[in-house]
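Descriptive analysis of the structure
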Amino acid sequence: KPHHEKSPTMTSSPTTLAAVAAGCTLLAYGASRLTKKATSSTTDLALTDLDDEIFSEEDCISADDVVAIFDKLFLTMQNVVVQLSQQVQQIQMSGQMIPEAQLRQLLKAEFERALVACQAQVFEENDVDADCLEEATWEFMEEEEKYPKVKRAVERF
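Residues numbered from 1 in each chain as written. Predicted model: local features only at pLDDT ≥ 70, side-chain atom pairs only at ≥ 80, totals over all residues. Heavy atoms only, no water.

**Here's the deal with the packing of aromatic side chains**
Put simply, the rule reads: Centre distance within 6.5 Å is the pairing criterion for rings of Phe, Tyr and Trp, where only the six-membered ring of Trp is used; planes under 30 degrees apart are then read as stacked, over 60 as edge-to-face, and the remainder as tilted. By the criteria applied, helices consist of DSSP H or I runs no shorter than four residues and strands consist of E runs no shorter than two, each listed in order from the N terminus.
A complete count under the given rule lists 2 aromatic pairs for this structure. Here F70 and F157 contribute two aromatic rings whose centre-to-centre distance is 5.7 Å and whose plane-to-plane angle is 70°, an arrangement assigned as edge-to-face. Of this pair, F70 sits in helix α2 (residues 63-93) while F157 is found in the segment after α5 (148-156), placing the two residues 87 residues apart along the sequence.

The structure is reproduced here in structure tokens:
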């Protein structure tokens, strides 16, 4: 009969995993915002020039595209969290002890690695790059009453 008692040094409940996942998402978002702010002054002029060009409708990222991309990222990362949870549970059931801080660090690193890989794949599948998606997302988010589906998809992610 397996021993299922929790160790005080290792509490990796689904709540902890969800908190780590949410923290990683916020960290990735914050890093992307810092990077954007650091480079925005040098790219503002170029973006203004680009905005003056005429793009066909198929060249633009639509609100539906943004929703589909964020939904795909959300579902993929939700599966990653489930897999990480199962792996931690297997480690616990084998009797191994991982200190909470080390567990958080491990989960964060794995989540970030999976997110980078997932983003690359989803962006390629949808023929977008991160900068264009970010710009389109912020434009739709600024008009959240006009694009409620975008707001919901981004907030869910």
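**Looking at the nonpolar core**
What counts, and what does not: Note on terminology: a nonpolar core comprises buried Ala, Val, Leu, Ile, Met, Phe, Trp, Tyr and Cys residues joined through side-chain atoms within 4.5 Å. For every residue, the accessible area obtained with a 1.4 Å probe (protein chains only) is divided by the maximum for its type, and the residue is called buried under 20%, exposed over 50%, and partly exposed between those limits. Residue contacts are defined here by distance: any two heavy atoms, one from each residue, within 4.5 Å place the two residues in contact.
Among the nonpolar cores identified, the biggest contains 27 residues, and V66, I69, L73, M77, F123, F140 and V150 are the most heavily contacted of them. Among the elements of the structure, α2, α3 (100-125), α4 (130-142) and α5 are those that each provide at least two residues to this core. With 10 residues, α2 is the largest single contributor of residues to this core. Other than its neighbours up to four places away in sequence, F123 contacts I69, L73, V128, D129, A130 and L133.

**As for α2**
Worth spelling out the cut-off: Helix span, expected: 1.5 Å multiplied by one less than the number of residues in the helix.
Look at α2: 45 Å from first C-alpha to last across 31 residues, which is about the 45 Å you get at 1.5 Å a residue. Three or more residues of α2 are buried, namely A63, V66, V67, I69, F70, L73, F74, M77, V80, L84 and V88. Where α2 is buried, its residues contact α3, α4 and α5. Two residues or fewer past α2, G95 is found with a positive phi of approximately 95°.

**Things to note about the confidence of the model for the protein chain**
Short version of the rule: Looking at any residue, its pLDDT shows the predictor's confidence there, from 0 to 100.
Summary statistics for the protein chain give a mean pLDDT of 74 and a share of 62% for residues scoring 70 or more. Of all the helices and strands in the protein chain, helix α1 (residues 14-52) carries the lowest mean pLDDT, 45, while α5 carries the highest, 94. Below pLDDT 50 for its whole length, residues 1-57 participates in 45 contacts with residues either more than four positions away or in separate chains.

**Concerning the state of the cysteines**
Heads up, the rule is: What counts as a disulfide here is a pair of cysteine sulfur atoms lying within 2.5 Å.
Taken as a whole and assessed by the stated rule, the structure comprises 0 disulfides. You can see C60 has no disulfide; the closest cysteine sulfur is in C132, sitting 9.8 Å from it. Given a relative accessible area of 37%, C60 falls into the partly exposed group.

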